[in-house]
Amino acid sequence: MTDHPTIVVGIKQVPDDDEVSIDPDTGRLDRSSAPAVLNRPDRNALEAALGIRDEVGGRVVAMTMGPPPAAEVLEVAVAMGCDDGVLVSDVAFGGSDTWPTSLTLARTVEYLDGDIVVCGEETTDSSTGQVPPGIAAHLGWAQLTYVEELEPLPETGQLAARRDVEGGYERVIADLPVVVAVAFGENHPRPAGLHRKIYAETEFEPVTLDADDLGIDENTVGLAASPTQVGGMDTIEGVERERVTVGTVDELIDELAGTEVLP
Amino acid sequence: MTDVNSEEYEDVWVFVEEHDGEVMGVSWELLEEAKSLAEETGEDLVALVIGHDVHDVAERAVSRGADRVLVADDEVFEPYRADPYGEQFRAMVEARKPSIVLIGGTHTGRDFAGRVAVPSHAGLTADCTEIDVDDDGVLQARRPAFGGNVLATIICEEHRPQMATIRPGVFESAPAEPDREGQIEHVDVVVDEADTLTEVLERNTNETVDITEADRIVAAGGGVDGDLAPIRRLADALDAEVAASRRAVDEGWIEGSRQVGQTGKTVRPELYVAVGISGAVQHLEGMNDSDVVVAINNDPNAPIFEHADYGIVGDLFEVCPALAEALEETDTPEVTP
Ligand SMILES: Cc1cc2nc3c(=O)[nH]c(=O)nc-3n(C[C@H](O)[C@H](O)[C@H](O)COP(=O)(O)OP(=O)(O)OC[C@H]3O[C@@H](n4cnc5c(N)ncnc54)[C@H](O)[C@@H]3O)c2cc1C
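What you see as residue numbers is a count from 1 along each chain, following the sequence as written. Numbering of ligands from 1 and lettering of chains from A proceed in the order in which they are written. Local features in this predicted model are restricted to residues whose pLDDT is 70 or higher, and side-chain atom pairs enter the listing and the counts only when it is 80 or higher, whereas totals over whole chains, interfaces and linings include all residues. By convention in this description, side-chain values take in all heavy atoms of the structure and omit both hydrogens and water.

A. Spatial organisation of the overall build of chain A. Scanning chain A from terminus to terminus reveals six helices and 15 strands. Viewed in the frame of its principal axes, chain A has a C-alpha envelope of about 70 × 45 × 40 Å. Among the 263 residues that make up chain A, the fraction classed as buried is 54%. Any pair of residues with heavy atoms lying within 4.5 Å of one another is described as a contacting pair. Across chain A, contacts joining residues at least 24 apart in sequence account for 71% of those joining residues at least 6 apart. Accessible areas in this description were obtained via Shrake-Rupley with a 1.4 Å probe; residue shielding takes into account the shown protein chains only. Of the accessible surface of chain A, which amounts to about 11,500 Å², a share of 47% is contributed by carbon and sulfur atoms. Charge separation in chain A, taken as the distance between the mean sites of 16 positive and 50 negative side-chain charges, equals 3 Å. Each helix is a run of H or I in the DSSP string that is no shorter than four residues. Each strand is a run of E no shorter than two, and both are numbered from the N terminus. Relative accessible area decides the class of each residue, using a 1.4 Å probe on protein chains only: under 20% of the type maximum gives buried, over 50% gives exposed, and in between gives partly exposed. Asp and Glu are treated as the negative residues and Lys and Arg as the positive ones, with His and the ends of the chain left uncounted. To locate a charge, take NZ of a lysine, CZ of an arginine, CG of an aspartate or CD of a glutamate.

Below you can see the structure in the form of structure tokens.
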């Protein structure tokens, strides 16, 4: 491992899941009423990144892509202990799907000279989980996704991880540089320190980068350069259920007997 | 903006995920669902098998409906790693130009799909629950969005292939027809151990329980507060599998392979008993295909009651044992001394 790795954490501002409503007339989502928050799985990413710094030193820089107000999540990251925060913002990025998004973030990682990228498992607003592997693919780096535990191996310059796989786990060692996606809920994110919090709110100014700064051709990002488009949105009709409330266990068994689902 | 000629791309590909010869169930589900896509477009259904000593897996893919199977067989592919899989798959996609590529939305599938889609500049839609093609052969990939409130249709008009990862458990599995015939072709392996970026030290999947196959499920949520005894007893009485909400998994009370929901499994049992589960959208997404849902919760306002056929408002530590006991009684044939 480089002596003082630069650890870049990818974080995102998302509408609070529970507050997104659907306009009954248009069927469109009303996200404007939902407060914007830090994507919950990203707290696990921040904790994992700060944990690496605790062990081997180095620098942790949070990066986020979005319109200027998205910089709010950088304050959360800095309050938790990140050394710096970068806002990647340009109208050219508008409408990007995961392909140009991961390209833009990959270029940001190069700009920051990152050695390790840590992301959350997925975002609560789009839940593709594709951006971390996308960053790794654009950079040609190793990747570790669905990571439950991380262990830096400074002697060999590698990172060891326990990954969640269907029905169990695996232990993998990856060469640096590497992109890590941390499984949601796998560690206990540290609370913001009081002094860091005051610093984040009063003195901290994020670095802002646009397509030009990153040497990104505007034709390779944004809606037009996105291979996928949203073709339509349908409200999911909730499954119709009986919604019978019974008072006793015997009544329940009587009801179930009629449905023939009991063994 | 792109110069992709979609006419050059044809066939529907399905990735058959195997680990050590064991095929993941979702692969056969995709093969079944893809048959109708291939019929619709009049193209071949092609299975892709990557692994070591996997000829048997290729034959099984034929028996499950593949017209052709492409096999990349080499030691470098066992156990699975994102970089050699991604590179091999990418090379195959670029050389043979499939129109549609379907991959199971397992951790493995979601891990390497991007390593194919990014360098190929393909459209990749994550974790779909419905797929279809329109008259022009454009894949309509549908996926729940925004916590499962809406179903978004994602299309990819100008790039090829059209790739999608598909959630396990939402489709029926293709039946095996041992006499079916198909063509098996071994392809060049383009990756070398010397170029790999990762090393797998250990892979441990012994604790696998496949809750997606269960007829009856008793699922534990935050309400059990670490005590699974009432859940296990009720599951025994019902001859059911035990499952869990994310909360119960995160707390470490139950292993992750039993999690139901958006980031867990989609289950479709005849009976789903949700015990001490609030009914968050991410959980509902995984249990909505159940035939009959029973909710046991001490909060009459818990959202789960809106999504249940039968509900009992009460303390699970009382309701579960009482229910188990009543079922045990009906089970036991009456014996007169
Ligand atoms: C990106 C993302 C993905 C997610 N994916 C999933 C997923 O796949 N699956 C999933 O389940 N969740 C998922 N979640 C989490 C989800 O939002 C909820 O937090 C979770 O489902 C809550 O679990 P729960 O209902 O068991 O627990 P709680 O919310 O803690 O609810 C416990 C319930 O038990 C009841 N209760 C308490 N004590 C008793 C008692 N003695 N007797 C009877 N009832 C009692 C309470 O009234 C309450 O309704 C995800 C969240 C995010 C952000």
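Picking up after the structure, the text goes on.
B. Representation of the sheet that holds strand S18 (residues 310-313) of chain B. Following DSSP output, two strands are said to pair if at least two bridges run between them. Strand order in the open sheet formed by six strands is S15(A)-S18(B)-S17(B)-S16(B)-S14(B)-S15(B), and the pairing between neighbours is parallel. Either end of the sheet is taken by a strand with one partner, and the two such strands are strand S15 (244-245) of chain A together with strand S15 (241-244) of chain B. Here strand S14 (residues 216-220) of chain B pairs with strand S16 (residues 271-275) of chain B via five bridges, running parallel. Across the sheet, Ile217 of chain B pairs through a bridge with Tyr272 of chain B, a residue of S16 of chain B.

C. Highlighting the site of the ligand. Proximity is defined per residue: any heavy atom of the residue falling within 4 Å of a molecule or strand makes that residue near it. The environment of the ligand is made up of 28 residues, and the closest members are Ser245, Arg247, Thr263, Ser278 and His283 of chain B. Residues within reach of the ligand are spread across chains A and B. Any pair of N or O atoms that falls within 3.5 Å is considered a polar contact. Within protein, one atom must be able to donate a hydrogen and the other to accept it, and sequence-neighbouring residues count only if both atoms are side-chain atoms. The backbone of Gly222 of chain B places a nitrogen or oxygen atom 2.8 Å from an oxygen atom of the ligand. Take Asp315 of chain B: an N or O atom from its side chain is 3.0 Å from a nitrogen atom of the ligand.

D. Inspection of the environment of Asp132 of chain B at higher detail. Topologically, Asp132 of chain B is positioned in strand S8 (residues 130-133). Judged by relative accessible area, Asp132 of chain B falls into the partly exposed class, the value being 35%.

E. Main features of a negative patch on the surface. The grouping of Glu242, Asp250, Glu251, Asp254 and Glu255 of chain A together with Glu325 and Glu329 of chain B at the surface amounts to a negative patch. Those elements that place two or more of their residues in the negative patch are helix H6 (249-259) of chain A together with helix H8 (316-331) of chain B. It is H6 of chain A that provides the largest number of residues to the negative patch, a total of four residues. With respect to the element layout, Glu325 of chain B can be found in helix H8. For patch detection, residues must exceed 30% relative accessible area and be free of salt bridges, and they are connected within 9 Å for like charges or within 5 Å for nonpolar side chains (Val, Leu, Ile, Met, Phe, Trp, Tyr). One speaks of a salt bridge when a side-chain nitrogen belonging to Lys or Arg is within 4 Å of a carboxyl oxygen belonging to Asp or Glu.

F. Inspection of the packing of helix H3 (residues 98-111) of chain A against helix H4 (residues 131-139) of chain A at higher detail. Residues and elements named next belong to chain A. For the pair H3 and H4, the least separation of the axes is 8 Å and the interaxial angle reads 60°. Accordingly, the angle class assigned to the pair H3 and H4 is oblique. Where H3 crosses over H4, the two elements pack in a sense that is right-handed. Listed contacts from H4 to Thr98, Trp99, Thr101, Ser102, Leu103, Leu105, Ala106, Val109 and Glu110 of H3 are Val131, Gly134, Ile135, His138 and Leu139. Classifying every residue of the contact of H3 with H4 by side-chain character gives eight nonpolar, five polar and one charged. An axis is simply a line fitted to the C-alpha atoms; with a helix, the fit covers only the stretch in contact. Between two such axes, the angle follows the N-to-C directions and lies from 0 to 180 degrees. Working rule for angles: under 35 degrees goes down as roughly parallel, over 145 as roughly antiparallel, 65 to 115 as roughly perpendicular, anything else as oblique. For a crossing to be left-handed, the near helix must be turned anticlockwise from the far one by less than a right angle; the clockwise case is right-handed. Note that Gly is not counted as nonpolar here; it falls among the polar residues with everything else outside the nonpolar set of Ala, Val, Leu, Ile, Met, Phe, Trp, Tyr, Cys and Pro and the charged set of Asp, Glu, Lys and Arg.

G. Structural context of the interface of chain B and chain A. With 81 residues of chain B at the contact, the number on the chain A side is 73 residues. Accessible surface is computed with a 1.4 Å probe, and the buried area is the amount of it that two parts give up when combined, taken over both parts together. In this assembly, chain B packs against chain A so that about 6,700 Å² is buried in total across both faces, 56% of it on carbon and sulfur atoms. Summed over the three residues of chain B that lose the most area to chain A, namely His107, Phe146 and Tyr310 of chain B, the buried surface amounts to 12% of that side. Joining chain B to chain A, the criterion identifies five salt bridges. Arg163 of chain A is paired through a salt bridge with Asp111 of chain B; the nearest N and O atoms lie 3.9 Å apart. Across the contact surface, chain B and chain A share 37 residue pairs in polar contact (both at pLDDT 80 or more). If you tally residues by element for the side of chain B that touches chain A, the top one is helix H4 (residues 107-120) of chain B, at nine residues.

H. Region of the structure containing the sheet that holds strand S10 (residues 158-165) of chain A. Taken in spatial order, the 10 strands of this open sheet run S13(A)-S7(A)-S6(A)-S1(A)-S8(A)-S12(A)-S9(A)-S10(A)-S11(A)-S13(B), and their pairing is mixed. Unpaired on one side and paired on the other, strand S13 (207-209) of chain A together with strand S13 (198-204) of chain B mark the two borders of the sheet. The mean inter-strand angle of the sheet, taken between neighbouring strand axes irrespective of direction, is 30°. In this structure, strand S11 (residues 168-175) of chain A lies alongside S13 of chain B, joined through six bridges in antiparallel fashion. Looking at the pairing, Arg171 of chain A lines up with Glu202 of chain B of S13 of chain B.

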